[in-house]
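In case you want the letters, here they are:
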Amino acid sequence: AQLKMAPQTTAQQSTAQQTTAKKAPVAGSVVHLHRWVEPREQALTVLVPVGWIAEGGVVRINPKLGPTNSVGAKIDVSIKRDRAGSVMIHWFPNFTYKDPRGFGGLPGFPVGSNYMGSKVYPLQDPQSFLLQIGLRQTRPQAQNIQVTERKPLTELTQKYQQQAHAPNAQYQAGMIAATYDEGGVHYTERMMTVIEYLSGVGMWTNRQTLAARAPTAELRQMEPLVSLIVDSLKGNPQWAGAENRGADVRAHNALETQRYLQDQRHKIVEAQREVNAEARHSH
């Protein structure tokens, strides 16, 4: 595959020369791309420009940490122009969190702790999640962060709500754009996500979380290439089918384990209650 890059204006060229535009394809040049296959389980493919770096893939969480996030595979993939990620597309993994509010809170489980495999963290709206968890945690060296746009993605929200498998599932989709300085370069980054909240159990998950950045001076020139890469992502249907079947089995096993542990705890409590009762009657 190949893509012809849009030419820059004189003003853009002048500004770009002051940053990192010399790394961008020359106006009118042809960019060659190859299809990268996710290396761990062949879960997906995506077009990558020749010379760029593709990192990550399928991530599996250790079940010993708890069942919530270990049932299904996570996808964490980055496509970068260079090691610094001066132009970068990042597909974030979906993680499920436990909202500590409601039901009298979670005594003994402060924010940041592990609750059955979920990190305890208050429910976030899409924009807050993208800024506090998506941007600030993945760009710890970023300075002078300015959010330039916040927007709900109404159509995406409606799509998820219409396809909801659980009656208690509520969805919110949104995006932000932000500028910041990192390593002497002024960047613009755009991010989007869908937040799924399961009312009644207080669990929430980020879904379809995607970020793309470029030096602000190169943004317009790089947009066609970034869009092409994002749109080229294709999942492997055979892998997805096998993963869904495996996730169902793991979810069933996790539920059975949870029920067994609850039953054991109940028996321990009942036994202690009987011991206490006998102790009282013996006096």
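Residues numbered from 1 in each chain as written. Predicted model: local features only at pLDDT ≥ 70, side-chain atom pairs only at ≥ 80, totals over all residues. Heavy atoms only, no water.

**Here we look at the overall build of the chain**
Cut-off, in case you're wondering: In this text, helices come from DSSP runs of H or I with a minimum length of four residues, and strands from runs of E with a minimum of two, each type numbered from the N-terminal end. Buried residues are those whose accessible area, probed at 1.4 Å on protein chains only, stays under 20% of the maximum for their type, while exposed residues exceed 50% and partly exposed ones sit between those limits. By definition in these notes, contact holds between two residues if any of their heavy atoms fall within 4.5 Å.
Summing up its helical and strand segments, the chain has five helices and 14 strands in all. Here the chain holds 283 residues, and 41% of them are scored as buried. In the chain, 60% of the contacts between residues at least 6 apart in sequence involve partners at least 24 apart.

**Considering the layout of surface pockets**
Rules: Grid points spaced at 1 Å over the protein atoms alone were grouped into cavities, where a 1.4 Å probe fits but cannot get out, and pockets, open sets with protein on both sides within 12 Å along at least five of seven lines, with lining residues defined by an atom within 4 Å of a point. Grid points are joined across faces, edges and corners, and a volume is the space filled by probe spheres set on the points. Three classes are used, and their members are as follows: Ala, Val, Leu, Ile, Met, Phe, Trp, Tyr, Cys and Pro are nonpolar, Asp, Glu, Lys and Arg are charged, and the others, Gly among them, are polar.
Approximately 450 Å³ is the volume found for the second largest pocket. Taken together, 20 residues line the second largest pocket, and the ones lying closest to its centre are R190, L210, A212, V226 and S227. Only strand 10 (143-152), strand 12 (185-198), strand 13 (203-215) and helix 4 (219-231) provide two or more residues apiece to the lining of the second largest pocket. Per-element accounting of the lining of the second largest pocket gives the leading share, six residues, to helix 4. Of the residues contributing to the lining of the second largest pocket, the split by class is 11 nonpolar, two polar and seven charged.

**Concerning the nonpolar core**
Inclusion rule: Put simply, buried Ala, Val, Leu, Ile, Met, Phe, Trp, Tyr and Cys residues joined by side-chain atoms within 4.5 Å make one nonpolar core.
Of all hydrophobic cores here, the largest spans 29 residues; its most connected members are V46, W52, I79, I89, W91, L225 and I229. Looking at this core element by element, the count peaks at five residues for helix 4. Core analysis: the second largest hydrophobic core is formed by 18 residues, Y97, F129, I133 and Y180 among them.

**Some details on the packing of aromatic side chains**
The line we're drawing: The rule is short: rings of Phe, Tyr and Trp, with Trp giving its six-membered ring, pair when the centres are within 6.5 Å, and they are stacked under 30 degrees, edge-to-face over 60, tilted in between. Charge-over-ring contacts are defined here by two conditions on Lys NZ or Arg CZ: a distance within 6 Å of the ring centre and an angle within 35 degrees of the ring normal.
Enumeration over the complete set of coordinates arrives at seven aromatic pairs. For the pair F109 and Y115, a centre-to-centre distance of 5.0 Å together with 90° between the ring planes defines the contact as edge-to-face. In this structure F109 comes out as partly exposed when scored by relative accessible area, which is 32%. Stacked on the ring of Y187, the Lys or Arg R213 has its end atom at 3.9 Å from the ring centre.

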